[in-house]
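Listed below are the residues making up each chain.
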Amino acid sequence: MAIHYYYGEDTYAAREAIKDLVAKEKANLRWLDKNDMAEIGAAQVVSQGGGGLFGKEISVIRDPGEMTSGNQSELVEALKNAGGGQFILWDRAEPKRRFSVYKAYGKQGRKFDVPGYRDLSGWLVDLAKEKGVALELSVAGLLIDRVGFSRWQLISEVEKLSLVKDSITEKDVKDAVSAS
């Protein structure tokens, strides 16, 4: 059995890590959230993990840090006693360090921090290049200034602009992207 604990504000990077693990393991994903855990129960969810008719399966349990403390404890206990399966516990924000899930898996967990301004600007330039669009570093910085640090929103803006432009300029960003 394998348990991966991902947490942090950069949900884009976490999703990419999940996608990479699924590809590496040649597995299917099973998405669960706190409502599923409350309804089905952690022991049942964990006992069903691993796979079935359609091959290997990785269960992603979203936001375990938002579960009640009792449900978190039940989940941690169920995972300790599980015989097999592969699980990703994914807190899409910074978890509270006093919670059961963090206490059990935080030390070996993988934290996804939002990249800094410079790294995010470089990432945007590379993203635009993948889409066949030229984007200068300074214009990427302006886009970040207007949109913020959410990669999902930045991707959306680059995709919109790339539909009509071969090169995204400062004027394009100022005309098409409202400052938030």
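Residues numbered from 1 in each chain as written. Predicted model: local features only at pLDDT ≥ 70, side-chain atom pairs only at ≥ 80, totals over all residues. Heavy atoms only, no water.

Would you take a moment to explain the pattern of salt bridges for this structure?
According to the stated counting rule, one finds 13 salt bridges in the structure shown. Across the pair R151 and D10 runs a salt bridge, and its minimum N-O distance is 2.7 Å. Taken together, the residues R151 in helix 8 (residues 151–164) and D10 in the loop between strand 1 (2–7) and helix 1 (11–25) connect sequence positions 141 residues apart. Judged on exposure class, the residue R151 and its partner D10 are both buried. (Salt bridge = Lys/Arg side-chain N within 4 Å of Asp/Glu carboxyl O. Helix = DSSP H or I, 4+ residues; strand = E, 2+ residues; numbered from the N terminus. Buried < 20%, exposed > 50% of the residue type's maximum accessible area, 1.4 Å probe, protein only.)

For this particular structure, what's the right way to read the packing of aromatic side chains?
How two aromatic rings sit relative to each other is given by the distance of their centres and the angle of their planes. A full pass over the atoms with the stated rule returns 8 aromatic pairs. Within the aromatic cluster, the residues linked to one another by ring pairs are Y5, Y7 and Y102. Taking the ring centre of W90 as reference, the NZ or CZ of R92 above it sits at 5.8 Å. Of note, R151 hangs over the ring of W123, and the distance from its end group to the ring centre comes to 4.8 Å. (Phe/Tyr/Trp six-rings, centres within 6.5 Å; stacked < 30°, edge-to-face > 60°. Lys NZ or Arg CZ within 6 Å of the ring centre and 35° of its normal.)

Help me out: how do you make sense of helix 7 (residues 137–147) in this one?
Side chains that are three or four residues apart share a direction in an α-helix, a result of its 3.6 residues per turn. Across the 11 residues that make up helix 7, a large majority, 8, are buried. Of the positions making up helix 7, those classed as buried are V139, A140, G141, L142, L143, I144, R146 and V147. Taken from the residues just after helix 7, G148 is the one with a positive phi, measuring 105 degrees.

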